[in-house]
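Here is how the chains run, residue by residue.
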Amino acid sequence: MLDDCRMVSLPRHRHENGSLTVVQNDDTTPFAVKRVFYLYDVPGDSNRGGHSHHEAREFIIAAGGCFDVVLDDGHNRRTFTLKHPYEALYIPAGIWRELNNFSSGAVSLVLTSEKYDEDDYVRDYDRFLKLTAEKLPR
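Attention here is on the structure that accompanies the text.

Considering the pattern of salt bridges
No. 1: This model, assessed by the stated rule, comprises four salt bridges.
No. 2: Between Arg97 and Glu58 there is a salt bridge, with the nearest N and O atoms lying 2.4 Å from each other. In this pair, Arg97 sits in strand E10 (residues 96–100) while Glu58 sits in strand E6 (residues 58–64), placing the two residues 39 residues apart along the sequence.
No. 3: Judged by relative accessible area, Glu58 falls into the buried class, the value being 4%.
No. 4: Here Glu118 ties to Arg123 by a salt bridge, and the two come within 2.8 Å at their closest N and O atoms.
No. 5: Under the relative-accessibility criterion, Glu118 is labelled partly exposed at 37%.
No. 6: The partly exposed category is assigned to Arg123, whose relative accessible area is 44%.

Quick word on the nonpolar core
No. 1: Membership of the largest hydrophobic core comes to 18 residues, with the highest contact counts inside it found for Phe67, Val69 and Leu71.
No. 2: Taken together, the elements giving at least two residues each to this core come down to E6, strand E7 (67–72), strand E8 (77–82) and strand E9 (87–91).
No. 3: With three residues, E7 is the single largest residue contributor to this core.
No. 4: Leu10, Phe31, Ile61 and Leu111 belong to the second-largest nonpolar core, a separate cluster that totals eight residues.

Things to note about the sheet that holds strand E12 (residues 121–122)
No. 1: With antiparallel pairing, the five strands of this open sheet are ordered in space as E8-E7-E10-E5-E12. Across the chains shown, the open sheet's two edge strands, defined by having one partner strand only, are E8 and E12.
No. 2: The pairing of E7 with E10 spans five bridges and is antiparallel. Bridge pairing in E10 places Leu71 opposite Arg97.

Some words on the sheet that holds E6
Picture the strands of a sheet paired through backbone hydrogen bonds; they go either parallel or antiparallel.
No. 1: With antiparallel pairing, the five strands of this open sheet are ordered in space as E1-E9-E6-E11-E4. Here the strands that pair on one side only, and so sit at the sheet edges, are strand E1 (6–9) and strand E4 (35–39). Put simply, the sheet's adjacent strands are angled 25° from each other on average, direction ignored.
No. 2: Bridge count between E1 and E9: four bridges; the pairing is antiparallel. From the neighbouring strand, Arg6 faces E9, where its bridge partner is Tyr90.

Analysis parameters
- Residues numbered from 1 in each chain as written.
- Predicted model: local features only at pLDDT ≥ 70, side-chain atom pairs only at ≥ 80, totals over all residues.
- Heavy atoms only, no water.
- Salt bridge = Lys/Arg side-chain N within 4 Å of Asp/Glu carboxyl O.
- Helix = DSSP H or I, 4+ residues; strand = E, 2+ residues; numbered from the N terminus.
- Buried < 20%, exposed > 50% of the residue type's maximum accessible area, 1.4 Å probe, protein only.
- Core = buried A, V, L, I, M, F, W, Y, C linked by side-chain atoms within 4.5 Å.
- Pairing = 2+ DSSP bridges.
- Axes fitted to C-alpha atoms, helices over the stretch in contact; angles between N-to-C directions.

Such coordinate-based values are descriptive only and should not be taken to indicate function.
Next up, the structure:
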């Protein structure tokens, strides 16, 4: 399942007076975006995330600064460092994620495939592991 997580290069348009990156519901994203939110003013020693989703898929972008995203499929863990606003990390449903190691002024921009629904979240890691074990082929 971690093999389904990947970095995606976003279109980058460089100009003398600044760069522009566009994300829209076309070939840029592997899903139709239904919700956008961002995290900011996160102290460097804080952890965010600490959950997985039953249905929602996400694109996470470092709109400013940098931070790490630790992904866990219940069997393996992998860390991605996000530091460019023209790269996104695609996370399918069923992957535990934690965000940490925030630089000063970091902004985490998150685009999701679903509107907010608390029932879509798995916030307990032991429950996540149990759900993941149930998905293993027999």
